[in-house]
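# Structural overview
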Amino acid sequence: MRKKYIIGNWKMNLSKNEALSLVKETISVVDGNVKANIVFAPPFIFLNEISDLCKIKSGFSVSAQDCSSNELGAFTGEVSSKMISSAGVSYVIIGHSERRSNFKETDEILNLKIQQALQNKLQIIFCCGETLEQRENDSYLDIISTQLSNTIFKLGVDSFKNIIIAYEPIWAIGTGKTASSLQAQEMHAYIRSLISNNFDKNISDNTSVIYGGSCKPSNAKEIFEQDDIDGGLIGGASLNSSDFISLIKLF
Ligand code: PEP
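The rules behind the values
Residues numbered from 1 in each chain as written. Predicted model: local features only at pLDDT ≥ 70, side-chain atom pairs only at ≥ 80, totals over all residues. Heavy atoms only, no water. Salt bridge = Lys/Arg side-chain N within 4 Å of Asp/Glu carboxyl O. Helix = DSSP H or I, 4+ residues; strand = E, 2+ residues; numbered from the N terminus. Buried < 20%, exposed > 50% of the residue type's maximum accessible area, 1.4 Å probe, protein only. Phe/Tyr/Trp six-rings, centres within 6.5 Å; stacked < 30°, edge-to-face > 60°. Contact = heavy atoms within 4.5 Å.

## Structural notes on the pattern of salt bridges
All chains considered together, the criterion is met by 16 salt bridges. A salt bridge links Lys11 to Glu98; the shortest N-O distance between them is 2.8 Å. Separated by 87 residues along the polypeptide, Lys11 in the loop between strand 1 (4–9) and helix 1 (16–29) and Glu98 in helix 4 (residues 97–102) bring together distant segments of the chain. For Asp228, the salt bridge identified is with Arg192, shortest N-O distance 2.7 Å. With Asp228 in the loop between helix 11 (217–224) and strand 8 (231–234) and Arg192 in helix 9 (residues 181–198), this pair connects stretches of sequence that are 36 residues apart. Salt bridges linked by common partners bring Arg2, Lys4, Arg192, Asp228 and Asp230 together as one network.

## What about unusual backbone geometry?
Positive phi values are uncommon outside glycine, yet Lys104 reaches one of about 55°. Relative to the helices and strands, Lys104 resides in the loop between helix 4 and helix 5 (107–119). Accessibility expressed as a relative area gives 60% for Lys104, which makes it exposed.

## A few points about the packing of aromatic side chains
Throughout the structure, instances matching the rule amount to nine aromatic pairs. Where Phe40 meets Phe244, the ring centres are 5.8 Å apart and the plane angle is 50°; that geometry is what we call tilted. Of the two residues, Phe40 is situated in strand 2 (residues 36–41) and Phe244 in helix 12 (residues 241–248); the sequence distance between them amounts to 204 residues. We note that Phe40, like Phe244, is buried.

## Regarding the side chain of Ser97
In this structure, Ser97 sits in helix 4. According to the relative accessible area criterion, Ser97 is buried, its value standing at 13%. Excluding anything up to four places from it in sequence, Ser97 contacts Ile170 and Ile173.

And the structure:
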């Protein structure tokens, strides 16, 4: 049985007080029957405290939004996978489209980050997604295939078991425009077929593939009900507790 996830990617939002209240409220309201793993991905500076709060209830954990491609040393401002892991954090997001475009993260850099994360026993939420132009010129399946082949499909089976794939069409991130459930299911089924071809069907059946891109309580139910969709990576709607809790309650 594949694991389900609701992961809140806060990006560079919320003050410390806002962050702690959001987490406390979510933890107090969500009961133990929810069938998804709930993960908060706050900025680095809040990881420690939120990680401690998440220990109160099972099913909650934290993720870093990024990690360095280097192990340690003179890299001012960077945070290593070893630091993240030693702070009690279990997950890291790698390959988010905002990092790829705003910080020019190439496949080569992503592969170094993946190696650092794996060496420090972090589970990786690996993002892939196509632009609007690629969607409209029908190259979107090839684009995703290439993004995965150049990165996580180079891993051995044991390493790959630490990967959660997040399909995030770039045209749907933060735009209010979500993929239809049909578009999302088509891509998720395709990603699953690629995993099967690259590894095997058993690995494919057991890999969680989640959807991200303007998910909100009003549109996510149909998306999360699709056979190959195992939950969501949530940006904007993870910043207020009532939307985030409503999304969690869909599981
Ligand atoms: C994201 O940035 O991962 C994301 C899915 O954002 P939003 O939900 O705001 O589109």
